[in-house]
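Fold and geometry: a report
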Amino acid sequence: MHASSRPHRMRRATATGLTLVVIALAVLSVAGVMRTRRAADTVTRATALAAAYERAHDAVAEEKLAEQHYRLEPGPDVRAGHAAAAAALAAALRDVDRLGGATDRALTARVRALQDEYLASMNSLFAAVDAGDAALVKRIDQNLTDPVFDQLTGDVRAANIAHATEAADAVTDLRHTESIVFTTTTLGFAAGLVLITGFALAAAGYQRRLLRQAAANEHQALHDALTGLPNRILFNRRADAALADPDAPVAVLMLDLDRFKEVNDTLGHQYGDDLLRQVAARCTAALRPGDLVARLSGDEFAVLLPGTRTAEAAGLAAALQQQLHRSFVLGDVTVDVEASIGVAGAPDDGHSADALLRCADIAMYAAKEAKNGVAVYRSSMHTDDSSRLLLLGDLRRALEAGDQLTLHYQPKVRLDDHGLSGVEALVRWQHPTRGAIPPAEFIPVAETTGLINRLTLYVLRLALTQERAWLDAGLSIPVAVNLSPRCLLDAELVRHVTGLLDEFGVPARLLRLEVTESAVMANPVQATATLTELHDLGIHLSIDDYGTGYSSMAYLKQLPVDELKVDRTFVQHMDIDQDDAILVRGAIELGHNLGMTVVAEGVEGTAHAAALLELGCDIAQGYHYARPMPGADVAAWLRTHTATTAMREAAF
Ligand code: C2E
Ligand code: CA
Ligand code: CA
């Protein structure tokens, strides 16, 4: 906003200056022309007047000459010459009247009067000459003619000089005006030129800035802000351009860091960001000019190798992987990460950027699975395993996106007083294209990779966020979260759980973790150690799905577990299947003998509930009480449930 208003103001100022200069120039020119014209008029008039007076003066002198001539050689010619001079004087005086002002006309009137007087005396003089009376001639000349003549010449001469001076002054004035007009117009044009140049420069600068801004915007839209690498949009564009030639081989690598999440979670985002920047730099350095590395999301990078066959691409991928295996120094710590790279190539594996990326993604998961770093896509991967691998990719993206996975909560109800003993958190996945995917479909797949650890932490975070909200609303509802077998082998689990409890300020006693027997049996020593640590924190533990796995009394006895959940498959059929009924009864007895509370899962009707109560079961969970529901609905369910229970009790 600020940056764009400055050039705007500058342009407006220059434009205003330019307009002012143009107006000033116009006013100056008009004034100059008017003044020049006035001065020129004055010059013309004064010059003409001066000339008329000059003629008058000459005519008077001519008269005098004719007079003297007549006195020496009288004759009709001389008289005619005198008359012509008198006529010339009269004509000159008429010119003066026409050209001059009031003063001039007053002067001509006086001159005419003198001339009349002079002509009268001249007639007497001519007569005296003709009579040969020299004495009279002399007298007339001295007393009449000469004084009048002198006055006449004097007046005319004075007027002549006055007007000649006026003309000369007007000429000077004209020159002066001309020089002023010339100087100011020159200066004005110079100023205008400077302003126009300034204006042009400002406009050019502004345009340059706009172009730079547009280029920066385009760069931003096509690049990842953190690493500066091209993003998915630019990658797809370049890939499609490379794929335009159907005969040219094009290879695509999909690269994913195996332990990035760990770095981010344990060291913090700053370290994670630093790691990603260094990975980006190493990838760029490891490739050839013309190859393109892009960051697609989180720790997922793609490489476009135009003109490269798959076999060559696999070699490049292996070299790249070697580069990434060298330790990274992040500030004061050194970390080692591993990368899995999938390779796919056109034309064999697809003809579009999307198709190649998808194949490279499948190959990348295969590489991750096999822990061999690099895998080249084979169509058999697509048939065997692709749905599983695609599901893993999608789940990983869901964990990053943060808005596809939610929790539902299912109440556990005490059979004796119908009070709420707690809720179990069950994950729900709303896939952006496939819709809701049941946990039974993706949990087992996630369990085959390290992704289950990330999922578990994600679920724990959601559950504790909800617990915090309940606590803030004055509700203290114990919440149970399911732990997969693999989680018990995660050395960081206890630290993460402690951190999350601290973060949300949730007392450990409100958290319960459910594990299956098989989870414990898979690695009894480590599982027992982890469970003991969790128990020591004050967290409650349950054995989940009891009856489905093989169980060992010896281990069960050692475990710090206070709840046994009998699997719903036995509960559901206990009324029709004798074996199931025996198992449920046995489980209840066993649990009680070990000092545990026994929960029956999958309680779908009143008959089940009654039978379980009869058998001494403590807690029931199932559709009979409630289906899993969003956390926000639990408080309302609890109010209705409490009210119904109270009414039923009152009825008895
Ligand atoms: P589970 O731990 O045995 O969870 C109980 C399952 O039984 C839930 O299925 C629940 O909806 C269902 N259920 C509850 N009452 C009844 C009933 O009366 N009748 C019937 N037929 N079913 C009932 P859901 O939510 O589909 O979960 C399936 C399994 O997925 C869970 O079995 C659990 O093993 C796993 N799971 C769910 N959420 C998570 C999670 O956050 N982490 C892990 N690791 N596993 C989870
Ligand atoms: Ca469970
Ligand atoms: Ca269960």
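Let us look at the structure shown here. (Residues numbered from 1 in each chain as written. Chains lettered and ligands numbered in written order. Predicted model: local features only at pLDDT ≥ 70, side-chain atom pairs only at ≥ 80, totals over all residues. Heavy atoms only, no water.)

**Some words on the overall build of the chain**
Where we set the bar: Here a strand is any run of E in DSSP of at least two residues, a helix any run of H or I of at least four, and the numbering for each starts at the N terminus. Under the scheme applied here, a residue whose accessible area is under 20% of the maximum for its type counts as buried, over 50% as exposed, and between as partly exposed, the area being computed with a 1.4 Å probe on protein chains only. In this analysis, two residues are considered to be in contact whenever any of their non-hydrogen atoms come within 4.5 Å of each other. Each accessible area is a Shrake-Rupley result for a 1.4 Å probe, and residues are judged covered by the shown protein chains and nothing else. Neither His nor the chain termini are counted; the positive set is Lys and Arg, and the negative set is Asp and Glu. Taken as the charge centre is NZ of Lys, CZ of Arg, CG of Asp or CD of Glu, depending on the residue.
When helices and strands are counted, the chain shows 20 helices and 17 strands. Projected onto its principal axes, the C-alpha positions of the chain cover 190 × 75 × 45 Å. Counting over 652 residues, the chain shows a buried share of 45%. If you take every contact in the chain between residues at least 6 apart in sequence, the share linking residues at least 24 apart comes to 70%. When the accessible area of the chain is evaluated, it comes to approximately 32200 Å², of which 58% is carbon and sulfur surface. Taking the 60 positively charged and 82 negatively charged side chains of the chain as two groups, their mean positions are separated by 8 Å.

**Structural notes on the coordination of the calcium ion (ligand 3)**
Note the cut-off: Note on donors: an N, O or S atom is included if it sits within 2.8 Å of the metal, or within 3.2 Å for Na, K and Ca, and water is never included, so sites can look incomplete.
Those donors, Asp544 (OD), Asp545 (OD), Glu601 (OE) and Glu601 (OE), are the protein atoms that reach the calcium ion (ligand 3), and they lie 2.1 to 2.7 Å from it. Overall, aspartate 545 belongs to the partly exposed group, its relative accessible area being 24%. Given a relative accessible area of 7%, glutamate 601 falls into the buried group.

**Observations regarding the pairing of strand β3 (residues 300-306)**
The line we're drawing: DSSP calls a pair of strands paired once it identifies at least 2 bridges connecting them.
Counted residue by residue, β3 has six buried out of seven residues, so it is predominantly covered. Sheet topology note: the strand β1 (residues 250-257)/β3 ladder contains seven bridges and is antiparallel. What sits directly across from methionine 254, in β3, is alanine 302. Pairing geometry for strand β2 (residues 292-297) and β3, over five bridges, is antiparallel. Along β3, the bridge assignment pairs valine 293 with valine 303. Between β2 and the antiparallel strand that follows it, β3, lie two residues; glycine 298 among them carries a positive phi value of about 25 degrees.

**Focus: the packing of aromatic side chains**
For clarity, the threshold we go by: A pair of aromatic rings is counted whenever rings of Phe, Tyr or Trp (Trp by its six-membered ring) have centres within 6.5 Å, and the orientation is called stacked for planes under 30 degrees apart, edge-to-face for over 60 and tilted otherwise. Here, a charge over a ring is recorded when the distance from Lys NZ or Arg CZ to the ring centre is within 6 Å and its angle to the ring normal is within 35 degrees.
For the structure shown, the criterion picks out three aromatic pairs. Seen from their ring centres, tyrosine 70 and phenylalanine 126 are 4.5 Å apart, and the 65 degrees between their planes marks the pair as edge-to-face. Here the residue tyrosine 70 occupies a position in helix α1 (residues 2-72), and phenylalanine 126 occupies one in helix α3 (residues 102-131), the gap between them amounting to 56 residues. Each member of the pair, tyrosine 70 as well as phenylalanine 126, carries the same accessibility label: buried. Seen in terms of ring centroids, tyrosine 409 and tryptophan 470 are 5.2 Å apart; in terms of plane orientation they differ by 70 degrees. Their pairing is edge-to-face. Of this pair, tyrosine 409 sits in strand β8 (residues 405-414) while tryptophan 470 sits in helix α12 (residues 451-472), and the two are 61 residues apart along the sequence. Sitting above the plane of the tyrosine 623 ring, arginine 627 keeps its charged end 3.8 Å from the centroid.

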